[in-house]
Amino acid sequence: MRILVVEDEPALRAQLVQAIAGAGHAVDQAADGQQAHYLGEVEAFDAVVLDLGLPLLDGLSVLRRWRASGHNMPVLILTARSSWQEKVAGIDAGADDYLAKPFHMEELLARLRALLRRASEHASAQWQCGPIWLDTRQARVLVDGQPLTLTSHEFMLLTQLMQRKGQVLTRSELSEHLYPGGSERDSNTIEVFVGRLRKKLPAGSIETLRGLGYRLVDPDAGPAADERQAFKPGS
Ligand code: CA
């Protein structure tokens, strides 16, 4: 695979290049935002490791420009910031995952592997839940036959819910799927994305089970028949 490393700090950039090349990838590097933006526009990368604090053009702007011109390679952002609001800003700009500095190189490599694997898994399936239809290969969602526009994170979240429709997914399960190695600290972020996704779907599609998690249901089907049976009085 061909990976672009964007980091302005020379020592860290050298470590990243060495580690990623050591994992068997071809690595290109950029030390500022303008160079990074240019390389991303003209070369085809399988994934990018992108620092946010960069000279000439900041990482978020680089990412927004790539996404605006249709470059959809997986991007892992590096940030010194740790608040969930700022993670949301990075993800809104089109990042697929984030890692806060300082990080262990092993963790970065694990997340990179997961991003690359996920990109190749995006190859296959179609799912349906009532009026909602999702195609992972085309990255397309239809509701009652009408196309629905989702961000890449909303799409991944919906894919997880569709694949296990009718089942409860905990926030940490969803977080693990969205961010490899994700943990409870990301649950506010998950809440934000579930809230946004819910607004775009037919009312009643995503149920919240307090203290448990979320469940995707067919909003046209009414209360689940099996559940009525399960809680039949006197049984
Ligand atoms: Ca930096």
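Since the structure is predicted, the reported quantities are computational estimates derived from the model, not experimental observations. (Residues numbered from 1 in each chain as written. Predicted model: local features only at pLDDT ≥ 70, side-chain atom pairs only at ≥ 80, totals over all residues. Heavy atoms only, no water.)

### What about the environment of R140?
With respect to the element layout, R140 can be found in strand β8 (residues 140-143). The spatial distance from the C-alpha of R140 to the C-alpha of Q126 is 9.4 Å, given a sequence separation of 14 residues. Those residues in contact with R140 that sit more than four places away from it in its chain are W133, L134, D135 and F155. (Helix = DSSP H or I, 4+ residues; strand = E, 2+ residues; numbered from the N terminus. Contact = heavy atoms within 4.5 Å.)

### With respect to the coordination of the calcium ion
Looking at the metal site, the calcium ion is ligated by D8 (OD), D51 (OD) and G53 (O), spaced 2.1 to 2.3 Å from it. All donor residues of the calcium ion come from one chain, and their arrangement in sequence is D-x42-D-x1-G. (Donors = N, O, S within 2.8 Å, 3.2 Å for Na, K, Ca; no water.)

### So, the sheet that holds β8
Taken together, the 4 strands give an open sheet; going across it, the order is β6-β7-β8-β9, and neighbouring strands pair in antiparallel fashion. Unpaired on one side and paired on the other, β6 (126-129) and β9 (146-148) mark the two borders of the sheet. Taking each pair of neighbouring strands and ignoring which way they run, the sheet shows an average axis angle of 25°. By the bridge criterion, 3 bridges tie β8 to β9 in an arrangement that is antiparallel. (Pairing = 2+ DSSP bridges. Axes fitted to C-alpha atoms, helices over the stretch in contact; angles between N-to-C directions.)

### A few points about the pairing of strand β1 (residues 2-6)
Counting buried residues in β1 gives 4 out of 5 residues, a clear majority hidden from the surface. Relative to strand β2 (residues 26-30), β1 is paired through 5 bridges, and the arrangement is parallel. Bridge assignment links I3 to a residue of β2, and that residue is V27. For the crossover that starts at β1, traverses helix α1 (residues 10-22) and ends in the parallel β2, the hand is right-handed. The pairing of β1 with strand β3 (residues 47-51) spans 4 bridges and is parallel. By the bridge assignment for β3, V5 is matched with V49. (Buried < 20%, exposed > 50% of the residue type's maximum accessible area, 1.4 Å probe, protein only. Right-handed = clockwise from strand over helix to strand, strands pointing away.)

### Topic: unusual backbone geometry
Residue P102 is reached from K101 by a cis peptide bond, and omega for that bond is -5°. With respect to the helices, strands and loops of the structure, P102 is situated in the loop between β5 (97-100) and α5 (105-121). Within the chain, L56 stands out as a residue other than glycine whose phi angle is a positive 75°. Along the polypeptide, L56 turns up in the loop between β3 and α3 (59-68). Its identity is not glycine, yet D144 carries a phi of approximately 50°, on the positive side. Considering the arrangement of structural elements, one finds D144 in the loop between β8 and β9.

### A few points about the sheet that holds strand β11 (residues 206-209)
Read from one edge of the open sheet, 3 strands run β10-β12-β11, paired in antiparallel fashion. Two strands bound the open sheet, and with one partner strand each, they are β10 (168-169) and β11. Both β10 and strand β12 (residues 213-216) contribute to a ladder of 2 bridges, which runs antiparallel. Following the sheet pairing, L169 is matched in β12 by Y214.

### What to know about the nonpolar core
One finds V48, L50, W66 and L158 to be the most contacted residues of the largest nonpolar core, which totals 44 residues. Ranked by residue count, the leading element in this core is helix α6 (residues 152-163), at 5 residues. Of the residues that make up this core, three or more belong to each of domain 1 (2-118) and domain 2 (126-227). Sequence-distant contacts of W66, defined by excluding residues within four places in its chain, comprise L4, A36, H37, G40, E41, V48, L50, H71, M73 and V75. Formed by 18 residues, the second largest nonpolar core is a distinct cluster that contains V17, V49, L76 and L78. (Core = buried A, V, L, I, M, F, W, Y, C linked by side-chain atoms within 4.5 Å. Domains from an automatic or database assignment.)

### Observations concerning the pattern of salt bridges
Tallying each qualifying case throughout the model produces 11 salt bridges. When the shortest N-O distance is used, the salt bridge between E154 and K200 registers 2.7 Å. Of the two residues, E154 is situated in helix α6 and K200 in helix α8 (residues 187-200); the sequence distance between them amounts to 46 residues. Judged by relative accessible area, which is 2%, E154 ranks as buried. Overall, K200 belongs to the partly exposed group, its relative accessible area being 32%. It is possible to trace a salt-bridge network through shared partners that takes in R2, D28 and E43. (Salt bridge = Lys/Arg side-chain N within 4 Å of Asp/Glu carboxyl O.)

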